[in-house]
Amino acid sequence: MGLVERHEQLAQLDRLISAAAEQRGQVAVVESAGPNGKTELLDHAVARAEGRGFRVLRAVGARSERVLGMGVVRQLFHGAGVPGEAGELIDDVVALERDGSVTEPGARTVELYDRLSRVLLGLAGPGRPLVVAVDDVHHADAASLRCLLHLARRIGPVPVLLLCAGDTGVAGELPLFDGELQRLSYARRITVGPLGPDGVRDVLVRRLGAERAESVLPEMVRVSGGNALLLTALVEDYAVSGGVRPQGYGLAFVGHLERGDATALAVVRALAVLGREGTAAELGELAGGAAGDVSGALYALNASGLLDDGWFRTEVARLAVLGALPRTERDRLQVEAARLLHQRGAAVTRVAAHLVEAQTAPGPWAVDALREAAEHALLADRRTTAVACLELAHRFCDDEAGRTAVLARLAHAEWLGNPSSAVRHLGALAGAASAGRLGRTERLALVRRLLWHGRTEEAGRTLQRLRGAARVPQPGQSTELPDFEHWLAWTYPALAKENRPQAAVDGGPHPGLPGLPGLPGRSGPLLQATGLLADALTRGRPQAVAGQAERVLGDLLRSRADDWSEEAVLTALSVLTAAGRPADAVAWCDRLTARDVHRLPPALRAFVAAAKAEAALRLGDLATALEQARMALVLVPPKAWGTAVGLPLGSLVLAATRTGAFDEVARWLAQSVPEQMVDSRYGLTYLYARGHHQLATGHSHAALADFLACGERMRVWGLDVPGLPAWRAGAGEAWLRLGNADQARKLAYAQLGRPDSAGPYARALALRLMAASGPAKRRPQLLAEALELFEECGDQYEQARVLAELSQAHHAVGDSRRARMLFRRARHMAQLCGAAPLCEELLSGGEGAGDGDGGVGGGAAGSGGPASVAVPGEAGLTESERRVAALAVRGYTNREIAGKLYVTPSTVEQHLTRTYRKLGIKQRKELPAGLGAAVAA
């Protein structure tokens, strides 16, 4: 409906007013689906009538006055100021109604109605027209409606206009009222419908102006549904806040409902509680009405613009309906909805949602529904929902064993979001474990969490009880504890030292992982997978299970809510890195997070980021390592990482050290870490990284202490295997810095003599250390082999270091041409991996700079700064000549030097010619290597 139709309705009312003024009684029924403009039309007619000298009597029907009887008529007579006779007549009618006589009117009742009508008609006469206006006539009591019918039948020759406004979707107290009025020849019906888009536009143009009206028109049409009352509230909302407000639109929506039919109000409340998934049958049962009544109410609500296809036009409306209910009534409806859905076999997620809203679980059926819904929520990565369900189930579970099981799942759900959130439950779970109320699987998960948070003594006591129970053989005994021991031996070896289980295999391939082709397991799928992979790492055989590790990663998304999901993914990625496949580990990390990173819980995403940082370091991709380590510490704060903080923190410290971010490293190292961290493999990563930082900042003794501490722990634990830090290479470098090449050489030979030295990475590190600590003539051969091995591993950073040392080695034996070529390759590789300190050392040290004994422990390849070298004849060079000569020493061509210094190539040639003459040399390759270092210093 547009304004044209509305203007026609107003004109029709004007004609009725004119007819009544001419001594011709008129009756008008203004109807709409809900208060959809009917009140506005009524107000307009009353105002026009008053302007033409009409006396006005007004009343409003109200459900609350039905029990009193004659409420509308009382209002009319009260407004007319009629003497007490009318009041006595009304009291007589009410008395008859209480006797039941009004239900079937008799002569006495009709007489009373006639007398009341004559009193009202007596208020009108020639020159004194009268308007009787009744709004919300559908709420009027039956006695008042009969009285209005008697009045309507008698106003034909009297200047009276009877205006009744009602809601077509609401059944009144007197079903025949509308029909009886329509039988009168002077009665007119005016139907008011929702405004169409043109009508809404006209209203908006008047209120907001043409330009703003067009910008908000689509939203206004959608949210108001053309309902005049809601549109008015919306316009005010947009004027105040620029959007829909609960204080405006929300209150108008609720007020609209409360003026309507009781059935419609109950249906809307049921709809707000049940949600969009509620069926007509469910709505009817919750609202206390028949399905037919529900369908009729929904039809009327759609027609009035309150609903759109049986649902709220905006969430503000739904929340306003719920907010208008008293808390006790709202909770009652939520519980009844949960019970109804449970009885109908609805999804437990729907049942649990209502229980959580009501914050109660009335009976075992409700607790069971909450527990099951929590598992569904965990699988769907809705951890907040899972936690809410489990907290409620824990509060209302009467069974002690059930409460403990719920608490264990609650700790796991909170752990997935932030491991520190689960700390508050560990004490209660440890007590339950001591009392025997916690299952084996839950106790193993508890031990892992206690170890994570550094509560080693509690973990040890729980573990000892598990081990004691396992000593008594039982048929079909679970493999959970042996699988757990394998993981413990790899991750917390100090606790597992005396309890390492037999190897899963000694010669052949590993058995299949759970859910994968191979031997079936009797523990949880991911725990068994973690145990098998950890056992392979512990025994230095990661290559044997690399394929199985990839299958575990491929199944991760389906089992990401498992207690062991984080450890499984971390162990699988560690296997790939230790097996010499860090690029595959990085690719798997990308694959796990590329499709939908938010499908993984924060703790699991943090583990993936930490593992990716570790793998990126093995590739020399320092930027990625730094980025992922930082991300891991954002997803899970450092304090929440517990004893595992050494994993991301160690990668961050090492990557930042190699990129030259020393200030950042200092800030991270200044933070406290759990004392128990050093008793885990994560502590090894931390000590190794801190040792390299000490080495890079000139603290060689402190660096050596960290590297030797790493080695001592690995020796005691029996874990000197690939996948853990190469402590001998770090310690050897520290010994070289301290001037003890013999100790460095011993470490190199020790590394080469180990079984795992056949791996390219470990062998390359040992060869590089041997070259640095051995005779100069053997260095080119050893470093060339190390370079090939690092190229095979794909480690760009180590390639850059070996190239720099190889350049020095060739320079030391007089092969300057090859030294320059290797220098340029080293510089390019260092720039490629972002190793800023190494780049600076190369640029300051020049091609093969050093004393001939450099290598790992000094010069361009080391971590210290360059030494200043005196160059004979340098004092005679001008500043420009020194700059050109320094760049020439570093391997730049004349054109490159010209570009850097913003001069022409001929100018560069002139400077070099004068430099040769002053230094007494004839060509570029004779330029002293120390010239570049002297200038840089």
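All figures in this text were calculated on a predicted structure; none of them were measured in a lab.

### Section: the overall build of the chain
Regarding its fold elements, the chain presents 46 helices and seven strands. For the chain, the residues scored as buried account for 56% of the 937 residues in total. Expressed as a percentage of contacts within the chain between residues at least 6 apart in sequence, the contacts between residues at least 24 apart total 68%. Counting every atom, the chain has about 37800 Å² of accessible surface; 52% of that belongs to carbon and sulfur.

### Re the sheet that holds strand S1 (residues 26–32)
Pairing is parallel across the open sheet formed by five strands, whose spatial order is S2-S3-S4-S1-S5. Each having just a single partner strand, strand S2 (55–60) and strand S5 (187–192) make up the two edges of the open sheet. In this sheet, adjacent strand axes meet at a mean angle of 15 degrees when their direction is disregarded. Two strands pair when backbone bridges link them, and strand S3 (residues 130–135) and strand S4 (residues 160–167) are joined in this way by five bridges, in the parallel orientation.

### Regarding the pattern of salt bridges
Taken as a whole and judged by the stated rule, the model has 46 salt bridges. As a salt-bridge pair, Glu566 and Arg448 come within 3.6 Å of each other at their nearest N and O atoms. Separated by 118 residues along the polypeptide, Glu566 in helix H28 (residues 565–578) and Arg448 in helix H22 (residues 440–452) bring together distant segments of the chain. Under the relative-accessibility criterion, Arg448 is labelled buried at 1%. Salt bridges linked by common partners bring Glu375, Arg409, Arg449 and Asp563 together as one network.

### A word on the packing of helix H43 (residues 879–889) against helix H44 (residues 894–901)
The geometry of H43 relative to H44 is characterised by a closest axis approach of 10 Å and an angle of 130 degrees between their N-to-C directions. In terms of orientation, H43 and H44 fall into the oblique class. Pair H43 / H44 crosses with right-handed handedness. Counted together, Arg883, Val884, Leu887 and Ala888 of H43 and Ile897, Lys900 and Leu901 of H44 form the full contact between these two elements. Residue classes in the contact of H43 with H44 are distributed as five nonpolar, no polar and two charged.

### Quick word on the packing of helix H24 (residues 480–491) against helix H26 (residues 525–538)
Two elements in contact, H24 and H26, have axes whose closest approach is 7 Å; the angle formed by their N-to-C orientations is 45 degrees. Classed by the angle they form, the pair H24 and H26 counts as oblique. Regarding H24 and H26, the two cross each other, and that crossing is left-handed. Note on element contacts: H26 touches H24 through Leu527, Gln528, Thr530, Gly531, Ala534, Asp535, Leu537 and Thr538, opposite Glu480, Asp483, Phe484, His486, Trp487, Ala489 and Trp490. Class assignment of the residues belonging to the contact of H24 with H26 gives a composition of seven nonpolar, five polar and three charged.

### Observations regarding the state of the cysteines
For the coordinates displayed, the defined rule picks out zero disulfides. Not engaged in a disulfide, the cysteine Cys839 finds its nearest cysteine sulfur in Cys833; these two sulfurs lie 7.1 Å apart. Here Cys839 falls in the buried class, since its relative accessible area comes to 13%.

### Things to note about helix H38 (residues 760–773)
With 14 residues, H38 should cover 20 Å at 1.5 Å per step; its first-to-last C-alpha distance of 20 Å lies within 8% of that length. Listing the buried residues of H38 in full gives Tyr761, Ala762, Ala764, Leu765, Ala766, Leu767, Arg768, Leu769, Met770, Ala771, Ala772 and Ser773. Those residues of H38 hidden inside the fold are in contact with helix H30 (602–618), helix H36 (727–737), helix H37 (741–752), helix H39 (779–793) and helix H40 (796–812).

### Some remarks on the nonpolar core
Leu204, Met220, Phe253, Phe312, Phe484, Val569 and Trp641 are the most contacted members of the largest nonpolar core, which totals 219 residues. Looking at this core element by element, the count peaks at 11 residues for H30. The contacts of Trp641, once residues within four sequence positions are left out, are Trp452, Ala606, Phe607, Ala610, Ala632, Leu633, Val636 and Pro648. Core analysis: the next-biggest nonpolar cluster, separate from the first, contains 43 residues, Leu116, Leu130, Ala152 and Ala187 among them.

### A word on the packing of aromatic side chains
Two measures describe an aromatic ring pair: the distance that separates the ring centres and the angle between the ring planes. For the coordinates displayed, the defined rule picks out 14 aromatic pairs. Here the aromatic rings of Trp452 and Phe607 are separated by 5.6 Å at their centres, their planes lie at 20 degrees, and the arrangement is stacked. Of the two residues, Trp452 is situated in helix H22 and Phe607 in helix H30; the sequence distance between them amounts to 155 residues. For the ring pair Tyr761 and Phe790, a centre distance of 6.0 Å and an interplane angle of 80 degrees mean the geometry is edge-to-face. Of the two residues, Tyr761 is situated in helix H38 and Phe790 in helix H39; the sequence distance between them amounts to 29 residues. Taking relative accessible area as the criterion, Phe790 reaches 0% and is therefore assigned buried. Between the NZ or CZ atom of Arg618 and the centre of the ring of Tyr761, over which it lies, the distance is 3.8 Å.

### Digging into the confidence of the model for the chain
Residues shown with low pLDDT carry predicted positions that ought not to be read at fine detail. Chain-level statistics for the chain give a pLDDT mean of 85 and a share of 87% at 70 or above. Of all the helices and strands in the chain, helix H46 (residues 930–936) carries the lowest mean pLDDT, 50, while helix H32 (residues 646–659) carries the highest, 97. pLDDT under 50 marks residues 847–854. Its contacts with residues more than four places away, or in other chains, come to 19 contacts.

### Details of the environment of Ala433
Following the sequence through the fold, Ala433 ends up in helix H21 (residues 423–434). Judged by its relative accessible area of 6%, Ala433 is buried. For the pair Ala433 and Arg465, spaced 32 residues apart in the sequence, the C-alpha separation amounts to 9.2 Å. The residues contacting Ala433, other than those within four sequence positions of it, are Leu438, Arg443, Leu446, Thr462 and Arg465.

### Describing the environment of Asp202
Considering the arrangement of structural elements, one finds Asp202 in helix H8 (residues 197–208). The spatial distance from the C-alpha of Asp202 to the C-alpha of Ala213 is 8.6 Å, given a sequence separation of 11 residues.

### As for unusual backbone geometry
Although it is not a glycine, Gln23 sits at a positive phi angle of roughly 70 degrees. Residue placement: Gln23 occurs in the loop between helix H1 (3–21) and S1.

### Here's the deal with helix H41 (residues 816–833)
If you check H41, its first and last C-alpha atoms are 26 Å apart, about what 18 residues at 1.5 Å a residue would give, namely 26 Å. Following H41 by one or two positions, Gly834 has its phi on the positive side, about 75 degrees.

### Description of the side chain of Arg443
For Arg443, the location among the structural elements is in helix H22. One buried charged residue, Arg443, forms no salt bridge at all, with the nearest opposite charge on Glu442 at 7.0 Å. Residues in contact with Arg443, not counting those within four places in the same chain, are Ala433, Leu438, Thr462 and Leu466.

### Details of the environment of Arg581
Within the secondary structure, Arg581 is located in the loop between H28 and helix H29 (582–594). Along the primary structure Arg581 and Gly794 are separated by 213 residues, whereas in three dimensions their C-alpha atoms are 9.3 Å apart. Arg581 has contacts with Ala546, Glu550 and Leu576, leaving out every residue within four places of it along the chain. There is a polar contact of 2.9 Å between the side chain of Arg581 and the side chain of Glu550.

Conventions adopted
- Counting restarts for each chain, with residues numbered from 1 along the sequence as it is written.
- The predicted origin of the model limits local features to residues at a pLDDT of at least 70 and limits the giving and counting of side-chain atom pairs to 80 or more, whereas totals for whole chains, interfaces and linings rest on all residues.
- Only hydrogens and water are removed before side-chain values are computed, so all heavy atoms of the structure are retained for them.
- Counting from the N terminus, the helices are DSSP H or I runs at least four residues long and the strands are E runs at least two residues long.
- Throughout this description, buried means an accessible area under 20% of the type-specific maximum (1.4 Å probe, protein chains only), exposed means over 50%, and partly exposed covers the range between.
- In this analysis, two residues are considered to be in contact whenever any of their non-hydrogen atoms come within 4.5 Å of each other.
- Surface exposure here means Shrake-Rupley accessible area, sampled with a 1.4 Å probe, where a residue is shielded only by the protein chains that are shown.
- Pairs of strands are assigned from DSSP output, requiring at least two bridges between the strands.
- The axes used here are C-alpha line fits, helices contributing only the stretch in contact, and every angle between their N-to-C directions lies in the interval 0 to 180 degrees.
- What counts as a salt bridge is simple: a side-chain nitrogen of Lys or Arg found within 4 Å of a carboxyl oxygen of Asp or Glu.
- In these notes the angle categories are as follows: under 35 degrees is roughly parallel, over 145 is roughly antiparallel, 65 to 115 is roughly perpendicular, and the rest is oblique.
- By definition, turning the near helix anticlockwise from the far helix through less than a right angle yields a left-handed crossing, and turning it clockwise yields a right-handed one.
- Throughout, the ten residues Ala, Val, Leu, Ile, Met, Phe, Trp, Tyr, Cys and Pro are labelled nonpolar, Asp, Glu, Lys and Arg are labelled charged, and all others, Gly among them, are labelled polar.
- Note on disulfides: each one is a pair of cysteine sulfur atoms within 2.5 Å.
- Take the number of residues in a helix, subtract one, and multiply by 1.5 Å to get its expected span.
- We define a nonpolar core as any set of buried Ala, Val, Leu, Ile, Met, Phe, Trp, Tyr and Cys residues linked to one another through side-chain atoms lying within 4.5 Å.
- A pair of aromatic rings is counted whenever rings of Phe, Tyr or Trp (Trp by its six-membered ring) have centres within 6.5 Å, and the orientation is called stacked for planes under 30 degrees apart, edge-to-face for over 60 and tilted otherwise.
- By definition here, charges over rings are those cases where NZ of Lys or CZ of Arg is within 6 Å of the ring centre and within 35 degrees of the ring normal.
- Confidence per residue, as judged by the predictor, is encoded in pLDDT with a range of 0 to 100.
- Counted as positive: Lys and Arg. Counted as negative: Asp and Glu, with His and the chain ends omitted from the count.
- Pairs of N or O atoms are called polar contacts if they sit within 3.5 Å, as long as, within protein, a hydrogen donor faces a hydrogen acceptor (for residues adjacent in sequence, only side-chain-to-side-chain pairs).

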